[in-house]
Amino acid sequence: MSAVECVVVGGGPAGLAAAATAARHGVRVALVDENAELGGQYYRQMPPSFSVPDSPRIGRETTEGRRLIDEVRALGVDLHLGSVAWGVFDQRTVAVATPEGSRRLEAEALVLAAGAYDRPVPFPGWTLPGVMTAGGAQNLMKAYRMLPGRRVLIAGSGPLLLVVAHYLLQGGAEVVALCEASALRRLWRYAPRLAPHLDFVQQGYRYRREIQEAGVPMFTGHVVRRAVGHAEVNGAVIGPCDADWRPAPGPERHFDVDTVVVGYGFVSSVELSRLAGCEHRYEPALGSWVPVRSRDLETTVPGVFAVGDGAGVAGSAVALAEGRLAGLAVAHRLGRLIGRELSRETARARGRLLHLAGFRGVMDALYRFGPGVRALADAETTLCRCEEVTVGEAVEAIGEGAGHVNEVKAWTRVGMGRCQGRMCGPALAHLVAEGRGSDVAAAGFFTPRPPAKPVPLAALAHDLTDEPLTEEGVAP
Amino acid sequence: MIQGDLRMVGVVRGSAVRISVDGESIPAHEGESVAAAMLAAGRRFTRWSARAGEPRGYFCGMGVCQDCLVVVDGRPNVRACMTPVREGLTVDTQRGLGEWPVAP
């Protein structure tokens, strides 16, 4: 078995595009993904034994993803599926765990395409069974063709909420309301910048019309204030908010529901890029820490590239283009692509990113994260879901002098649970910033340490590094 | 309160299997996750939290939030959303941090 030259972590659009591009130019690529099948979240596939004979109106991206997945397989990329990348050592050595053991993958180039996860926004009742993220609802519908519930309230912000509503309606659920935090006023101001992206605009318009025709009330400038229920959610209360998404005076509305789907955008998964030693900066427009990158999408660690939502949430079209650009840079780094062909292909990938930047700019402005939404939580609201630490306990620690998220963690256990600070980190940083009168970047981030995801000791006990992969890419 | 099967119509699914959830046999299809099979049967509740004994369930659906933890075939802390079903699999509601089976 010849040595791997490029490791790609993440099998979503960005990772697939990077792997395919590099492999097309003769690079020996290994791709690692925690899931049993490629596609990540956006290109989530149904299980192999499932099929939809009548090809219904949901899942255009499923077909698009299928094509790219098939191409990656056909190009002979070494696949490590069901495998958790839990650490990065010596700059480019990736530690990968399966239930059978762990192996080290070393290569000249490492492409991190770890994606993003739903931004957790604490509010009263958010831990009740039946309250789930937009991503969680999408996975049920896309992968398993299953409804998350029958009477659903959708709340949060962003165009994804329209997609969730579309899937729910197509699947036969009742959407009792769609609650968008942004006011979405003066859309006409953006018309010139949206003109080159009519396909995206038309898609959005089609979703909105579908929702209207289904009789779903849509509230803009509104947030879900609380979810109520005993053993599970049975009601949701919405109310108006201001331009910063802070709850504002005005009539509350109560809906009987069995499910609340909440989507407030996404946070980049930067655990691996941190473990690799890459420099990061806080990007206020995205409300997320992202790795610092060159024009070629290389991080501050030589040979380590970061692409897609994991390097800054920008959607699937950007992820595909970034994956391509990094794949070209990797091919160049390994001497497989030089001169005029390199310039031509790189120029095309960069041109695509430039074209998309205009649309992204409008979306980011329209749905800009409103920090006031942090005011939804009261002292009793759970902040750290894993360790069950309330907002009040964290605020008390901040009041007593904790000025960094790590200090609050040490004093209260926030961030010490199994999710390793993913669910509480973003909100905690805002609480610290607010409490100290400083900015979110100054609140810091939880010190990164391996493993990046919980792995059983048994997975670390057996070193599989020198054992060959089976045909399916998973060690015996 | 969820009634009935939440599976969408018009889909060819994997072969039918049965799993048990807190002793009750529920239908599933090969290829589904434990979380999906439980949710389809209207069971959104996976565990009682350790400190306050709060009910928790499926939240992020992608293996990140660690809230859908259940006891599978006697082993605790298993993410229901990342675990495929198979015939005869047993799932139990997890209480707190769970209990590990003691080696004989």
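Residues numbered from 1 in each chain as written. Chains lettered and ligands numbered in written order. Predicted model: local features only at pLDDT ≥ 70, side-chain atom pairs only at ≥ 80, totals over all residues. Heavy atoms only, no water.

Novice: Kindly report on the overall build of chain A, identifying the contributing residues and their values.
Specialist: In terms of helices and strands, chain A carries 14 helices and 22 strands. Relative to the 2.2 N^0.38 estimate, which gives 23 Å for 476 residues, the radius of gyration of chain A is 22 Å and therefore close to what a compact globule would have. With the C-alpha coordinates aligned to their principal axes, the bounding extent of chain A is approximately 65 × 55 × 45 Å. Across chain A, every contact between residues at least 6 apart in sequence was considered, and the portion connecting residues at least 24 apart equals 67%. Counting only carbon and sulfur atoms, one obtains 52% of the accessible surface of chain A, whose full area is about 19,200 Å². Treating the 50 positive side-chain charges of chain A as one cloud and the 51 negative ones as another, the clouds have centres 6 Å apart. (Helix = DSSP H or I, 4+ residues; strand = E, 2+ residues; numbered from the N terminus. Rg over C-alpha atoms; globule rule 2.2 N^0.38 Å. Contact = heavy atoms within 4.5 Å. Areas by Shrake-Rupley, 256 points an atom, 1.4 Å probe, with all protein chains shown as cover. Lys, Arg positive; Asp, Glu negative; His and termini not counted. Charge placed at Lys NZ, Arg CZ, Asp CG, Glu CD.)

Novice: Mind laying out the overall build of chain B, listing which residues take part and the relevant values?
Specialist: Within chain B, the secondary structure is distributed over one helix and seven strands. Helices and strands appear in chain B in the N-to-C order β-β-α-β-β-β-β-β. Against the 2.2 N^0.38 benchmark of 13 Å for 104 residues, chain B shows a C-alpha radius of gyration of 14 Å, consistent with a compact globule. Considered along the principal axes of its C-alpha atoms, chain B spans approximately 45 × 35 × 25 Å. Buried residues in chain B amount to 57% of all 104 residues. Intrachain contacts of chain B at a sequence separation of at least 6 include 42% that bridge at least 24 residues. (Buried < 20%, exposed > 50% of the residue type's maximum accessible area, 1.4 Å probe, protein only.)

Novice: Please provide a residue-by-residue account of the packing of aromatic side chains, values included.
Specialist: Between two aromatic rings, the relevant description is the distance of the centres plus the angle of the planes. All names here are of chain A. Applying the stated criterion to the full structure yields nine aromatic pairs over all chains. Look at Trp245 and Tyr264: their rings are 5.9 Å apart centre to centre, the planes differ by 45°, and that puts the pair in the tilted class. Of this pair, Trp245 sits in the loop between β14 (233–240) and β15 (253–256) while Tyr264 sits in the loop between β16 (259–263) and β17 (266–268); the two residues are 19 residues apart in sequence, bridging distant segments of the chain. You'll find Trp245 and Tyr264 in the same group, each marked buried. The ring centre of Tyr42 lies 5.0 Å from the NZ or CZ of Lys142, which sits over that ring. Between the NZ or CZ atom of Arg274 and the centre of the ring of Phe445, over which it lies, the distance is 3.3 Å. (Phe/Tyr/Trp six-rings, centres within 6.5 Å; stacked < 30°, edge-to-face > 60°. Lys NZ or Arg CZ within 6 Å of the ring centre and 35° of its normal.)

Novice: With reference to specific residues and values, describe the layout of surface pockets.
Specialist: Quantified by volume, the second largest pocket comes out at close to 1,600 Å³. Along the wall of the second largest pocket there are 49 residues; nearest its centre are Pro99(A), Arg79(B), Met82(B), Thr83(B) and Pro84(B). Looking at the lining of the second largest pocket, the elements that each hand over two or more residues are β5 (93–98), α3 (134–144) and α14 (457–461) of chain A together with β6 (75–79) of chain B. In terms of residue count, β6(B) provides more of the lining of the second largest pocket than any other element does, five residues in total. Along the lines of polarity and charge, the residues of the lining of the second largest pocket split into 26 nonpolar, 12 polar and 11 charged. (1 Å grid on protein atoms, 1.4 Å probe; cavity = no way out; pocket = protein on both sides within 12 Å on 5 of 7 lines; lining within 4 Å. Points joined across faces, edges and corners; volume = space filled by probe spheres on them. Nonpolar A, V, L, I, M, F, W, Y, C, P; charged D, E, K, R; others polar.)

Novice: Give a detailed account of the interface of chain B and chain A, specifying residues and quantitative values.
Specialist: Across the boundary between the two partners, chain B contributes 47 residues, which contact 53 residues of chain A. Across the interface of chain B and chain A, roughly 4,000 Å² is buried in total on both sides, 54% from carbon and sulfur atoms. In terms of surface lost to chain A, no three residues of chain B exceed Met8(B), Arg44(B) and Phe59(B), which account for 19% of the buried area on that side. Of the charged contacts in the structure, one is a salt bridge between Arg385(A) and Asp67(B), with a shortest N-O distance of 2.6 Å. Where chain B touches chain A, the interface holds 22 residue pairs in polar contact (both at pLDDT 80 or more). Of all the secondary-structure elements, those providing two or more residues to the side of chain B that touches chain A are α1 (34–40), β3 (45–48), β4 (55–57) and β6 of chain B. Residue classes in the side of chain B that touches chain A are distributed as 21 nonpolar, 14 polar and 12 charged. (Buried area = accessible area lost by both parts, 1.4 Å probe. Salt bridge = Lys/Arg side-chain N within 4 Å of Asp/Glu carboxyl O. Polar contact = N/O pair within 3.5 Å; in protein donor to acceptor, adjacent residues only side chain to side chain.)

Novice: Which residues make up the nonpolar core, and what values do they have?
Specialist: Residue and element names in this part refer to chain A. The biggest cluster of nonpolar side chains holds 62 residues, and the ones touching the most others in it are Leu153, Tyr264, Leu383 and Leu428. Of the residues forming this core, the biggest block, six residues, is contributed by helix α12 (residues 425–436). Those residues in contact with Leu383, other than ones at most four positions away along the chain, are Pro122, Trp126, Val389, Thr390, Val391, Ala394, Val414, Met423, Cys424, Ala427, Leu428 and Leu431. (Core = buried A, V, L, I, M, F, W, Y, C linked by side-chain atoms within 4.5 Å.)

Novice: An account of the sheet that holds β16(A) is needed here, citing residue identities and associated values.
Specialist: Note on sheets: strands pair through backbone hydrogen bonds, and any given pair is parallel or antiparallel. Residues and elements named next belong to chain A. Taken together, five strands build an open sheet; the order of strands is β9-β16-β10-β11-β12 and the sheet is parallel. One side of each edge strand has no neighbouring strand; the edge strands of this open sheet are β9 (131–133) and β12 (218–220). Here the strands of the sheet are splayed against their neighbours by 20° on average, with no regard to which way each runs. Looking at chain direction, strand β10 (residues 151–156) and strand β11 (residues 174–180) are connected through six bridges and run parallel. Counted as the bridge partner of Arg151 is Glu174 from β11. On top of the sheet, helix α4 (residues 160–171) reaches β10, β11, β12 and β16; it is set at about 175° to β11, its chief contact. (Pairing = 2+ DSSP bridges. Axes fitted to C-alpha atoms, helices over the stretch in contact; angles between N-to-C directions.)

Novice: Can you break down the packing of helix α10 (residues 391–399) of chain A against helix α11 (residues 405–412) of chain A residue by residue, with the values?
Specialist: All names here are of chain A. Remark: α10 packs on α11, axes separated minimally by 10 Å, with the N-to-C direction vectors making an angle of 115°. You can see that α10 and α11 cross each other, and the crossing is right-handed. Residue-level inspection shows Glu393, Ala394, Ala397 and Ile398 of α10 in contact with α11, the latter providing Val408, Trp411 and Thr412. Grouping the amino acids of the contact of α10 with α11 by side-chain chemistry returns five nonpolar, one polar and one charged. (Left-handed = near helix turned anticlockwise from the far one by under 90°.)

Novice: An account of the sheet that holds strand β7 (residues 109–112) of chain A is requested, with residue identities and associated values reported.
Specialist: Residue and element names in this part refer to chain A. An order of β3-β2-β1-β7-β20 is seen for the five strands of this open sheet, with the pairing classed as parallel. Two strands in the sheet have a free side with no partner beyond their single neighbour: β3 (78–80) and β20 (304–306). The mean inter-strand angle of the sheet, taken between neighbouring strand axes irrespective of direction, is 15°. Across four bridges, the pairing between strand β1 (residues 6–9) and β7 is parallel.

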